[in-house]
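Chain residues, written in single-letter form:
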Amino acid sequence: MAFQCQRDSYAREFTTTVVSCSPAELQTEGSNGKKEVLSGFHVVLEDTLLFPEGGGQPDDRGTINDIPVLRVTRRGAQADHFTQTPLTPGTEVQVRVDWERRFDHMQQHSGQHLITAVADHLFGLKTTSWELGRLRSVIELDSPSVTAEQVAAIEQRVNEKIRDRLPVYVRELSLDDPGVEQVRGRGLPDDHAGPIRVVTIKSVDSNMCCGTHVSNLSDLQVGEEGLLSGWERGCRRSGITAGRGVIEGDT
């Protein structure tokens, strides 16, 4: 099942209905660094505009009828929204997403897909892990080292694709579709059900992914320095700075 946030990553408001509301607890880290437990509720909606964490991407923040949503997690085909105020099942509600956070995640995630594909196509360097941070993401490649020449070539190709304003689009494939074999991916979750969601950067990459993405590489807003913000230790880890990270000068 695809949620509204996956069908339209640019939507900022959405009307839906409360399905259930049950007592729940949320573990958080307080300002003193100690773990705290908040009492509240897991609210399930018919559909949601708020992305539950998955695919390396953190969950969204937002509100349901102006009630803050502190966490969103996927449970099978549904999403649990943690709030500290109960909502009555059957009630029609207005969901709003924290757009600044969402758009930053879209930019960072699409940037990762682009760099991963280019590094693989040019040099066979596979991405083994990636971490989406507040303003900067990190990609780790399966090589003990990456040369300066390789870094320069990857940067040049990545920025060419952004300048070409290539579209990014999403499609769904059934599990038995022969096209699935042509799609990059690390496998499906054990509880996956329904079609496979594929994110494609035109003429560059097709990848199984549940995350939210920009619709065009021009939305990465990378500026003159490009998308790669530095190759850590001259080895195999690269930082991505896109969107807010570029605007705010994070390096």
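Above this note sits the structure.
Every chain's residues receive numbers from 1 upward, in the order its sequence appears when written. Only residues with pLDDT of at least 70 are given local features in this predicted model, and only at 80 or more are side-chain atom pairs given and counted; all residues enter the totals for whole chains, interfaces and linings. The side-chain quantities take in all heavy atoms of the structure and omit both hydrogens and water.

Points about the nonpolar core
Next, step 1: Residue types Ala, Val, Leu, Ile, Met, Phe, Trp, Tyr and Cys, when buried and joined through side-chain atoms within 4.5 Å, form a set referred to as a nonpolar core. Remark: exposure states derive from per-residue accessible area (1.4 Å probe, protein chains only) relative to the maximum for the residue type, with buried under 20%, exposed over 50%, and partly exposed in between. In terms of nonpolar packing, the biggest core is built from 46 residues, with I64, L114 and L217 touching the most fellow members.
Next, step 2: Elements represented by at least two residues in this core include exactly β1 (13–29), β2 (35–45), β4 (67–69), β7 (92–97), α2 (99–123), β9 (136–141), α3 (148–163) and β11 (196–201).
Next, step 3: Helical segments are the DSSP runs of H or I of at least four residues, strand segments are the runs of E of at least two, and each set is numbered from the N terminus. Looking at which element gives the most residues to this core, the answer is α2, with eight residues.
Next, step 4: Excluding its chain neighbours within four sequence positions, the residues that come into contact with L217 are L114, K161, I162, L166, V168 and I201. The contact definition used throughout considers only heavy atoms, calling two residues in contact when any of these lie within 4.5 Å.

Overview of the sheet that holds strand β5 (residues 71–75)
Next, step 1: Taking strand neighbours across the sheet as the criterion, the seven strands line up as β4-β3-β7-β1-β2-β6-β5 in an open arrangement whose pairing is antiparallel. Because the sheet does not close on itself, it has two edges, and the strands there are β4 and β5. Taken pair by pair, the neighbouring strands of this sheet meet at an average axis angle of 35°, ignoring direction.
Next, step 2: Relative to β7, strand β3 (residues 62–64) runs antiparallel, the two being bridged by three bridges. In the strand pairing of β7, T63 is matched with R96. A pair of strands is considered paired only if DSSP assigns at least 2 bridges between the two. Here an axis means a line fitted to C-alpha atoms, over the contact stretch when the element is a helix, while the angle between two N-to-C directions is reported on a 0 to 180 degree scale.

Some words on the packing of aromatic side chains
Note on aromatic pairs: each is described by the distance of the centres and the angle between the planes.
Next, step 1: For Phe, Tyr and Trp, rings pair up if their centres lie within 6.5 Å, where Trp contributes its six-membered ring, and each pair is then called stacked (planes under 30 degrees apart), edge-to-face (over 60) or tilted (otherwise). As enumerated under the stated definition, the model contains three aromatic pairs in all.
Next, step 2: Measuring from centroid to centroid gives 6.1 Å for Y10 and W99, while their planes differ by 45°, and the two rings are tilted. One end of the pair, Y10, is in the loop between α1 (4–7) and β1; the other, W99, is in helix α2, with 89 residues separating them in the sequence.
Next, step 3: Summarising the aromatic geometry, the rings of W99 and F103 are spaced 5.3 Å apart at their centres and angled 15° between planes, so their arrangement reads as stacked. Residue W99 and its partner F103 are both found in helix α2; the two are separated by four residues, about one turn of the helix.
Next, step 4: Here a set of aromatic residues connected by ring pairs shows up, and it is made of Y10, W99 and F103.

Some points on the environment of L125
Next, step 1: You can see L125 is positioned in the loop between α2 and β8 (127–131).
Next, step 2: L125 sits 16 residues away from L141 along the chain, and the two C-alpha atoms are 6.1 Å apart.
Next, step 3: What L125 contacts, discounting residues up to four positions off in sequence, is T116, A119, D120, L141, D142, S143, V146 and I154.

Points about α3
Next, step 1: The end-to-end C-alpha distance of α3 is 22 Å, a good match for the 22 Å that 16 residues give at a rise of 1.5 Å each.
Next, step 2: Residues of α3 that are buried include every one of Q150, V151, I154, V158, N159, K161 and I162, and no others. The buried residues of α3 occupy an angular sector of 155° when projected down its axis, which confines them to one face. Exposed and oriented more than 90 degrees from the buried face of α3 are A148, E149, Q156 and R163.
Next, step 3: Where α3 terminates, the next one or two residues include R165, which has phi positive at roughly 55°. Between the first and last residue of a helix there are one fewer steps than residues, each counted as 1.5 Å, and that sum is the expected span. Note: the arc covers the axis-to-C-beta directions of the helix.

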